[in-house]
Amino acid sequence: VAGLQSALAQPIRIDDVLIVQGEWGRVEEITGSYVVLRIWDERRLVIPLQWFIENPFQNWTRHSAEILGTVFLHLDYATPVEAVRAEARRIVESRPEWDGRVLAVQVTDATERSMQVRVLVSAANAGQAFELRCIVREQLLAWLAREHPQCLPRLRWEPPGALPEPAR
């Protein structure tokens, strides 16, 4: 019965990207009784077809593989947000993973210690979005450390003499 329901509704197809029980993977096989999900780290998750009828799950590629990705940075209030926007644009526009649809840099939260800056980018698929997010995060942090080190979080305590001073 689950196989017939699934065949009629078609909530999943081969190569769809799903989130099932917190695991991200791609549908590799669909049979009359189970679905094989190839997890990002090459494991296989075998899920009874009935599970898809009875439980909610995320299908990231139901109509399209295009997806948005986020990078969150916690920065000091002195951070020049416009400069971060310009640097994020420079980074993203140089990357082949970016599909050109979405790029936004916004302050999305503020606490007593820092502000949260969200960089939102788009990519053609989840794999490219993950790669783009990692690159944007790494390059923005390197740029901030180099150009605006005072804007990075500094809530650390180390006993005097525990670590050598960094070379400047």
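Residues numbered from 1 in each chain as written. Predicted model: local features only at pLDDT ≥ 70, side-chain atom pairs only at ≥ 80, totals over all residues. Heavy atoms only, no water.

1. Remarks on the nonpolar core
If you look at the biggest cluster of nonpolar residues, it comprises 23 residues, and the most contacted ones within it are V119, V121, V136, L140 and L144. Among the secondary structure elements, those contributing two or more residues to this core are β6 (67-75), α3 (81-93), β7 (98-110), β8 (115-123) and α4 (126-147). Per-element tally for this core: the top contributor is α4, with 6 residues. In this structure, V20, V35, L37 and W51 belong to the second largest nonpolar core, which totals 11 residues. (Core = buried A, V, L, I, M, F, W, Y, C linked by side-chain atoms within 4.5 Å. Buried < 20%, exposed > 50% of the residue type's maximum accessible area, 1.4 Å probe, protein only. Helix = DSSP H or I, 4+ residues; strand = E, 2+ residues; numbered from the N terminus.)

2. Some words on the packing of α3 against α4
Relative to each other, α3 and α4 sit at 135°, their axes nearing to 10 Å. Accordingly, the angle class assigned to the pair α3 and α4 is oblique. Every pair of crossing elements has a handedness; the one defined by α3 and α4 is right-handed. Contacts from A83, V84, E87, A88, I91 and V92 in α3 reach I135, V136, Q139, L140, W143 and L144 in α4. Here the contact of α3 with α4 is composed, by residue class, of 10 nonpolar, 1 polar and 1 charged. (Axes fitted to C-alpha atoms, helices over the stretch in contact; angles between N-to-C directions. Parallel < 35°, antiparallel > 145°, perpendicular 65-115°, else oblique. Left-handed = near helix turned anticlockwise from the far one by under 90°. Contact = heavy atoms within 4.5 Å. Nonpolar A, V, L, I, M, F, W, Y, C, P; charged D, E, K, R; others polar.)

3. Digging into the confidence of the model for the protein chain
Scored by pLDDT, the protein chain comes out at a mean of 87, with 88% of its residues at no less than 70. Per-element averaging of pLDDT across the protein chain places helix α1 (residues 2-9) at the bottom with 47 and α3 at the top with 98. Residue range residues 1-8 is modelled with pLDDT below 50. Its contacts to residues more than four positions away, or to other chains, number 9 contacts. (pLDDT = per-residue confidence, 0-100.)

4. A short note on the environment of A83
Along the chain, A83 turns up in helix α3. Taking the C-alpha atoms as reference points, A83 and H148, separated by 65 residues in sequence, lie 9.9 Å from one another.

5. Comments concerning the pattern of salt bridges
In this structure the tally under the stated criterion is 12 salt bridges. Across the pair E82 and R85 runs a salt bridge, and its minimum N-O distance is 2.5 Å. Residue E82 and its partner R85 are both found in helix α3; the two are separated by 3 residues, about one turn of the helix. E82 sits in the exposed class, given a relative accessible area of 56%. (Salt bridge = Lys/Arg side-chain N within 4 Å of Asp/Glu carboxyl O.)

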